[in-house]
Amino acid sequence: MKRFAHSGLHLMANLHEVDPGLTLMTRVDHCQHFCRKVVSDAGLTIVGESFYGFGQGQGVTGALVLAESHLTIHTWPESRYVTLDVFVCNYQEDNSDKASRVFEAVIAAFSPGHVDRFEVQRA
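All values derive from a computational prediction rather than experimental measurement.

The rules behind these values
Residues numbered from 1 in each chain as written. Predicted model: local features only at pLDDT ≥ 70, side-chain atom pairs only at ≥ 80, totals over all residues. Heavy atoms only, no water. Axes fitted to C-alpha atoms, helices over the stretch in contact; angles between N-to-C directions. Helix = DSSP H or I, 4+ residues; strand = E, 2+ residues; numbered from the N terminus. Left-handed = near helix turned anticlockwise from the far one by under 90°. Contact = heavy atoms within 4.5 Å. Nonpolar A, V, L, I, M, F, W, Y, C, P; charged D, E, K, R; others polar. Phe/Tyr/Trp six-rings, centres within 6.5 Å; stacked < 30°, edge-to-face > 60°. Expected span 1.5 Å × (residues − 1). Salt bridge = Lys/Arg side-chain N within 4 Å of Asp/Glu carboxyl O. Buried < 20%, exposed > 50% of the residue type's maximum accessible area, 1.4 Å probe, protein only. Pairing = 2+ DSSP bridges.

J.: How should I be thinking about the packing of helix α2 (residues 28-41) against helix α3 (residues 96-110) in this particular structure?
T.: Each pair of packed helices can be summarised by the angle the axes make with each other and by the distance between the axes. Axis separation between α2 and α3 bottoms out at 9 Å; the angle between their running directions is 145°. For the crossing formed where α2 meets α3, the hand is right-handed. For the pair formed by α2 and α3, the contact residues are Phe-34, Val-38 and Val-39 on the first element and Val-102, Ala-105, Val-106 and Ala-109 on the second. Residue composition of the contact of α2 with α3, by class: seven nonpolar, no polar and no charged.

J.: When you look at the packing of aromatic side chains in this model, what are you seeing that I'm missing?
T.: Each aromatic ring pair is described using two quantities: the centre-to-centre distance and the angle formed by the ring planes. Within the structure shown, the criterion is met by two aromatic pairs. Measuring from centroid to centroid gives 4.8 Å for Tyr-52 and Phe-54, while their planes differ by 80°, and the two rings are edge-to-face.

J.: Teacher, can you tell me more about α2 here?
T.: For an α-helix the count is 3.6 residues per turn, leaving residues at separations of three or four pointing the same way. For α2, with 14 residues, the first-to-last C-alpha span of 20 Å sits near the 20 Å given by 1.5 Å per residue. As for α2, its buried residues are in contact with α1 (23-26), β2 (46-53), β3 (60-66), β4 (69-76) and α3. Remark: Gly-43 follows α2 within two positions and exhibits a positive phi of approximately 85°.

J.: What is the right way to look at the pattern of salt bridges in this model?
T.: A full pass over the atoms with the stated rule returns five salt bridges. Residues Arg-117 and Glu-104 are paired through a salt bridge, measuring 2.6 Å at the closest nitrogen-oxygen approach. Of this pair, Arg-117 sits in strand β6 (residues 114-122) while Glu-104 sits in helix α3, and the two are 13 residues apart along the sequence. Among the residues examined, Arg-117 registers a relative accessible area of 45% and is labelled partly exposed.

J.: What exactly am I supposed to notice about the environment of Asp-97 here?
T.: Structurally, Asp-97 is set in helix α3. Sequence separation between Asp-97 and Ala-42 is 55 residues, and the spatial gap between their C-alpha atoms is 8.6 Å.

J.: Looking at this structure, I do not really get the sheet that holds strand β1 (residues 8-16). What am I missing?
T.: The six strands lie next to each other as β2-β3-β4-β5-β1-β6, forming an open sheet whose pairing is antiparallel. Unpaired on one side and paired on the other, β2 and β6 mark the two borders of the sheet. Within the sheet, the average angular offset between the axes of one strand and its neighbour, ignoring direction, is 5°. Two strands pair when backbone bridges link them, and β4 and strand β5 (residues 81-89) are joined in this way by eight bridges, in the antiparallel orientation. From the neighbouring strand, Thr-72 faces β5, where its bridge partner is Asp-85. Its contacts with the sheet put α2 on β2, β3 and β4, and the angle it makes with β2 is roughly 155°. α3 contacts β1, β4, β5 and β6 of the sheet and is inclined by roughly 10° relative to β1.

J.: Please explain α3 as it appears in this structure.
T.: The terminal C-alpha atoms of α3 lie 22 Å apart, and with 15 residues this matches the ideal 21 Å at 1.5 Å per residue to within 8%. Here α3 has its buried residues at Ser-96, Lys-98, Ala-99, Val-102, Phe-103, Val-106, Ile-107 and Phe-110. In this structure, the buried side of α3 is in contact with β1, α1, α2, β4, β5 and β6. One or two residues past the end of α3 sits Ser-111, with phi positive at roughly 45°.

Function-wise, these values are silent; they only describe arrangement.
Below you can see the structure in the form of structure tokens.
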């Protein structure tokens, strides 16, 4: 298959058996700050964002819109469950390593007991 300049790597994960007491699970400010940091540390560019906390002890949903594409995260502390989605386009350079760094950093921070991983090469 021919690789186009706008191709990219799409990484998704379902994180199971996550400690519901983690602040990343319930504190929108902690989750948002953490996501910003891992994206910035990877050298990706944030161009927009939206995070929402569902209330005291409840889950968080958030999205960072990147010049290179996006990061989304959704937490369910009551189910000890997190979904993660990282997609990067490779328009001017191959950003696959950066996507993998973000993806692995988020997974490590939640320290799940079990992870279902999905990877799609987009073209």
